[in-house]
Amino acid sequence: MLVTGVEFGQIITIFIMAIALGLDAFSLGIGIGMKGIRLLDIFKISMVIGIFHIIMPLMGIFMGQYVSLLLGNVATAAGGCLLILLGSHMVYSSIRGEEATSFDHRSLWGLTIFALSVSIDSFSVGVSLGMFATDILLTVLVFGLFGALLSVAGLLVGRRVNGWVGEYGEAFGGLILLAFGIKFLL
């Protein structure tokens, strides 16, 4: 199977977006890890975040495809604007220093709320991607993989370092989404 330049560019874009979205899980994971966490809890949290990073963009992609059918060419501009808004919000939240609400990561409710909070931006990105031609299976699996891996990394790093890394991780992820939103508009 030969990959064309356009397909390769789409694959790279999906990987970069997956990393950008996973940085949110990484940055919040640092905060949780700094409170002290067992390795089993790191595994459980990361798996749930990975699953949410698959489900949320999948729902978004289907919604984006529906919107694309309704709006036609306007959908591309709408998707780019949505990424710009999401990226701007991530950067703004990072600068303001908003902190994650404290929760008990060992309870089902706390784990679900945490995973939903770090995966909700994946839904918005999924809506944008649904407006473009994208490989759905590849996209959601890569998003889930990077969501899980970066949450593991954040939780492990949080066990060892101070909190300054988390703020920059979310800002960097927001800048990446902002740049892709601008790219889609041009």
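First, a word on scope: everything that follows refers to the structure included in this document. (Residues numbered from 1 in each chain as written. Predicted model: local features only at pLDDT ≥ 70, side-chain atom pairs only at ≥ 80, totals over all residues. Heavy atoms only, no water.)

**Description of the overall build of the chain**
The condition that has to hold: Only DSSP runs of H or I with at least four residues qualify as helices, and only runs of E with at least two residues qualify as strands; both kinds are numbered from the N terminus onward. For each residue, the accessible area found with a 1.4 Å probe, counting protein chains only, is set against the maximum for its type, and the residue is called buried under 20%, exposed over 50%, and partly exposed in between. The contact rule is simple, with two residues in contact once any of their heavy atoms fall within 4.5 Å. For the accessible areas, the method is Shrake-Rupley and the probe is 1.4 Å, while residue cover comes only from the protein chains on display.
Counting secondary structure elements, the chain contains 6 helices and 0 strands. Traced from its N-terminal end to its C-terminal end, the chain shows the element sequence α-α-α-α-α-α. With 186 residues in all, the chain has 46% of them scored as buried. Residue pairs at least 24 apart in sequence account for 95% of intrachain contacts in the chain once pairs closer than 6 positions are excluded. When the accessible area of the chain is evaluated, it comes to approximately 9,700 Å², of which 73% is carbon and sulfur surface.

**Remarks on the pattern of salt bridges**
The test is simple: Counted as salt bridges are all cases of a side-chain nitrogen of Lys or Arg within 4 Å of a carboxyl oxygen of Asp or Glu.
Applying the stated criterion across every chain, the model contains 2 salt bridges. Note that R38 and D41 form a salt bridge whose closest N and O atoms lie 3.4 Å from each other. In this structure, K44 engages D41 in a salt bridge whose closest nitrogen and oxygen atoms are separated by 3.7 Å. With a gap of 3 residues between them, K44 and D41 both fall in helix α2 (residues 39-71), about one helical turn apart. Classification of D41 by relative accessible area gives buried; the value is 2%.

**Points about the environment of D121**
Looking at where D121 falls in the secondary structure, it is placed in helix α4 (residues 108-130). Once the C-alpha coordinates of D121 and M56 are considered, the two residues, 65 residues apart in sequence, prove to be 8.4 Å apart.

**Some words on helix α5 (residues 136-158)**
We apply this condition: Expected helix span is given by 1.5 Å per residue-to-residue step, counting one fewer step than there are residues. Counting of polar contacts relies on pairs of N or O atoms within 3.5 Å, with two restrictions inside protein: one atom must be capable of donating a hydrogen and the other of accepting it, and residues adjacent in sequence are counted only when both atoms are side-chain atoms.
Over its 23 residues, α5 extends 32 Å from the first C-alpha to the last, a length consistent with the 33 Å expected when each residue adds 1.5 Å. N-cap assignment for α5: the residue whose side-chain oxygen lies 3.3 Å from the backbone N of L137 is D135.

**Description of the side chain of S151**
Relative to the helices and strands, S151 is located in helix α5. Assessed through its relative accessible area of 1%, S151 is described here as buried. Once residues lying within four places of it in the same chain are set aside, the contact partners of S151 are A25, S46 and I49.

**A few points about the side chain of H53**
Position of H53 among the secondary structure elements: in helix α2. When its relative accessible area of 0% is taken as the criterion, H53 is described as buried. Excluding anything up to four places from it in sequence, H53 contacts L21, V118, S119, S122, V140, F143, G144 and G147.

**Concerning the nonpolar core**
Rules: Throughout, nonpolar core names a set of buried Ala, Val, Leu, Ile, Met, Phe, Trp, Tyr and Cys residues whose side chains join them through atoms within 4.5 Å.
One finds M17, A18, V125, L129, V142 and F143 to be the most contacted residues of the largest nonpolar core, which totals 15 residues. Taken together, the elements giving at least two residues each to this core come down to α1 (5-34), α4, α5 and α6 (164-185). The next biggest cluster of nonpolar side chains, apart from the first, holds 14 residues, and it includes A25, I42, F52 and V118.

**Section: the packing of aromatic side chains**
Formally: Ring pairs shown here join Phe, Tyr and Trp side chains whose ring centres sit within 6.5 Å, with only the six-membered ring taken for Trp; geometry is labelled stacked below 30 degrees between planes, edge-to-face above 60, and tilted in between.
By the definition in use, this model includes 1 aromatic pair. Between F15 and F146, the ring centres sit 5.7 Å apart and the planes meet at 85°, which makes this aromatic pair edge-to-face. Of this pair, F15 sits in helix α1 while F146 sits in helix α5, and the two are 131 residues apart along the sequence. A relative accessible area of 32% places F15 in the partly exposed class.

**A look at α4**
Going by this rule: One fitted axis covers the seven residues ending at a residue, a second covers the seven starting there, and the bend at that residue is the angle between these axes.
Here α4 spans 30 Å end to end across 23 residues, near enough to the 33 Å set by a 1.5 Å rise per residue. At V118, α4 shows its maximal bend, which comes to roughly 40°.

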